[in-house]
Amino acid sequence: MNKFISNFAFAQIYFWHTYFMTSISELKAQLIPGTKAVITAHYNPDSDAIGSTLAFQGYLAKKGIQATVAVPSALSANLKWMPGAADILTYDELLHKVQIDALVEEADFIFCLDFSGIQRLHNMAPLVRKSRAKKVVIDHHLDPEDFGDYYYHRTIAASTCELIYDLILEWGDENLLDPSIGSCLYSGIMTDTGSFRHPNTTAHVHTVVAALIDVGVNTNEVHRKVFDSSSIDRLKFIGHVLGQRMDYLPEYHLAFMWITAEDLTKFNSQAGDTEGIVNYGLQITGCVWSILMIERPDGVKLSFRSIEPFAVNEFASKYFEGGGHKNASGGRFSGGSLVEAKKKLMEVLPLYLSEINRVKNL
Ligand SMILES: [Mn+2]
């Protein structure tokens, strides 16, 4: 039986791999100088989203294709060092919106990086959906939706930046890698693997990083730019959350944190300032998962993290309109206030007790 399953799984992987390979190699021939391309990524773009889009833009430029990076919302301050970041257009700025509308209208290709569902483009989704341009999805999230013409998709990849590297190699363009492209790629690989500590850190990840160092990437410098670039407000904000907004529920092996709208105002919170806070919970001995709730103007947003083998994406999709990776997911609560979201969490936790204990006892 096991053998059958593994053969079946292998056949499936082989089929998808072959299918995507053909599809993506066909694409290469169409990317000729003068091609009009827009590169986009998900709402609230993180280091992998910005790193992969800018690296791909740099790569296309070397092939004679001037692509524009256009994302739904602003990038955080710690990503603005990346080469090309200053020219990124954001759809929630009125002046940029006009430009993006025109560029998407004219585009031959729209490259959709680091998201598998078109709704992750938020306000930009209708524009991309109706566009006549060919859509190319390059991504590592689960369950890709059927909105693209070409897919380069592997959930085994730890980051989209890793896939961009793989694609450049697959297309025989290794010689086009340089320290600028490499630094962008390294940034996304580093953050999506939690600085090489998450279970998605495969041998291949380290192989890619070794190659990027050989190209001339200064990994220490990239790490400092991304992680050691906080404002004092942000550090005090983290101190406030850890000190006043965190509970540990030992029976559920759960660290639970919440941030109110008032907290965000009081500490002058900027885009990206809440990034990574959820991870602190996992530093507690015995902690299996960590949840962060944030009160935003458009509802309560949730972040989930877990340690292997606890599939926190199942919990997120079952109870909080979310999903994502097995150990790193997001979600939301549209049924009311932060207080009500907390109440819902406390109601559903007992339903999950046996699963938590099962995982804990493995
Ligand atoms: Mn990613």
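Residues numbered from 1 in each chain as written. Predicted model: local features only at pLDDT ≥ 70, side-chain atom pairs only at ≥ 80, totals over all residues. Heavy atoms only, no water.

K.L.:
Please set out the UniProt feature "domain: DDH" (unreviewed entry) in the protein chain residue by residue, giving values where relevant.
P.N.:
UniProt annotation of "domain: DDH" (unreviewed entry) refers to residues 37-189 when read in the numbering used here. Strand forms 18% of residues 37-189 and helix 37%; the C-alpha atoms that close the span are 24 Å apart. (UniProt positions renumbered as here; feature names shortened; annotations may be inferred. Helix = DSSP H or I, 4+ residues; strand = E, 2+ residues; numbered from the N terminus.)

K.L.:
If you had to explain the coordination of the manganese ion to someone new, which residues and values would you point to?
P.N.:
For a metal bound by four donors in tetrahedral geometry, the ideal donor-metal-donor angle is 109.5 degrees, whereas six donors in octahedral geometry ideally sit at 90 or 180 degrees. For the manganese ion, the full set of protein donor atoms is Asp48 (OD), Asp114 (OD), His140 (NE2) and Asp192 (OD), at a range of 2.1 to 2.3 Å. Each donor residue of the manganese ion lies on one chain, and together they are spaced D-x65-D-x25-H-x51-D. Residue Asp48 is found in helix H2 (residues 47-62), and its partner His140 is found in the loop between strand S5 (134-139) and strand S6 (150-153); the two are separated by 92 residues along the sequence. With respect to class, Asp48 is no different from His140; both count as buried. (Donors = N, O, S within 2.8 Å, 3.2 Å for Na, K, Ca; no water. Buried < 20%, exposed > 50% of the residue type's maximum accessible area, 1.4 Å probe, protein only.)

K.L.:
So what about the pairing of strand S12 (residues 328-333)? Which residues, and what values?
P.N.:
In S12, alternate side chains face the same way, and those of Ser329, Gly331 and Phe333 are buried while those of Ala328, Gly330 and Arg332 on the opposite face are not. For strand S10 (residues 299-306) and S12, the ladder comprises six bridges, and the chain directions are antiparallel. Counterpart to Phe304 in the pairing with S12 is Ser329. The sheet contact formed by strand S11 (residues 323-324) and S12 spans two bridges and is antiparallel. Bridging across to S12, Gly323 finds its partner in Gly330. (Pairing = 2+ DSSP bridges.)

K.L.:
Summarise the pairing of strand S4 (residues 109-113); cite the residues concerned and give the values.
P.N.:
Most of S4 sits inside the fold, with five of its five residues counted as buried. Residues Phe109, Phe111 and Leu113 of S4 are buried on one face, and the alternating residues Ile110 and Cys112, pointing to the opposite face, are buried as well. Taken together, the five bridges between strand S1 (residues 37-41) and S4 define a ladder with parallel strand orientation. Considered in S4, the bridge of Ala41 is made with Leu113. Note that S4 and S5 share five bridges and pair parallel. Paired with Cys112 across the bridge in S5 is Val137. One crossover worth recording links S4 to the parallel S5 by way of helix H4 (residues 125-130), and it is right-handed. (Right-handed = clockwise from strand over helix to strand, strands pointing away.)

K.L.:
Can you explain the environment of Glu275? Please cite residues and give values.
P.N.:
Tracing the backbone through its elements, the reader meets Glu275 in the loop between helix H10 (261-266) and strand S9 (289-296). Beyond its immediate stretch of four places on either side in the chain, Glu275 contacts Asp46 and Arg234. (Contact = heavy atoms within 4.5 Å.)

K.L.:
Summarise the packing of H2 against helix H5 (residues 160-170); cite the residues concerned and give the values.
P.N.:
Two packed helices can be described by the angle between their axes and the distance between those axes. Close contact between H2 and H5 brings their axes to 8 Å; oriented N to C, the two are set at 20°. When the interaxial angle is binned, H2 and H5 end up roughly parallel. Along the contact surface, H2 presents Asp48, Gly51, Ser52, Phe56 and Tyr59, while H5 presents Thr160, Cys161, Ile164, Leu167 and Ile168. (Axes fitted to C-alpha atoms, helices over the stretch in contact; angles between N-to-C directions. Parallel < 35°, antiparallel > 145°, perpendicular 65-115°, else oblique.)

K.L.:
An account of the state of the cysteines is requested, with residue identities and associated values reported.
P.N.:
Following the criterion strictly, the structure yields zero disulfides and no others. Not engaged in a disulfide, the cysteine Cys112 finds its nearest cysteine sulfur in Cys161; these two sulfurs lie 16 Å apart. Its sulfur unpaired, Cys161 is 7.6 Å from the next cysteine sulfur, which belongs to Cys184. (Disulfide = S-S within 2.5 Å.)

K.L.:
So what's going on with the sheet that holds strand S7 (residues 246-249)? Which residues, and what values?
P.N.:
With mixed pairing, the six strands of this open sheet are ordered in space as S7-S8-S9-S10-S12-S11. One side of each edge strand has no neighbouring strand; the edge strands of this open sheet are S7 and S11. In this structure, strand S8 (residues 254-259) lies alongside S9, joined through six bridges in parallel fashion. Of the residues in S9, the one forming a bridge with Trp258 is Met293. Along the sheet, helix H9 (residues 232-244) makes contact with S7 and S8, crossing S8 at roughly 125°.

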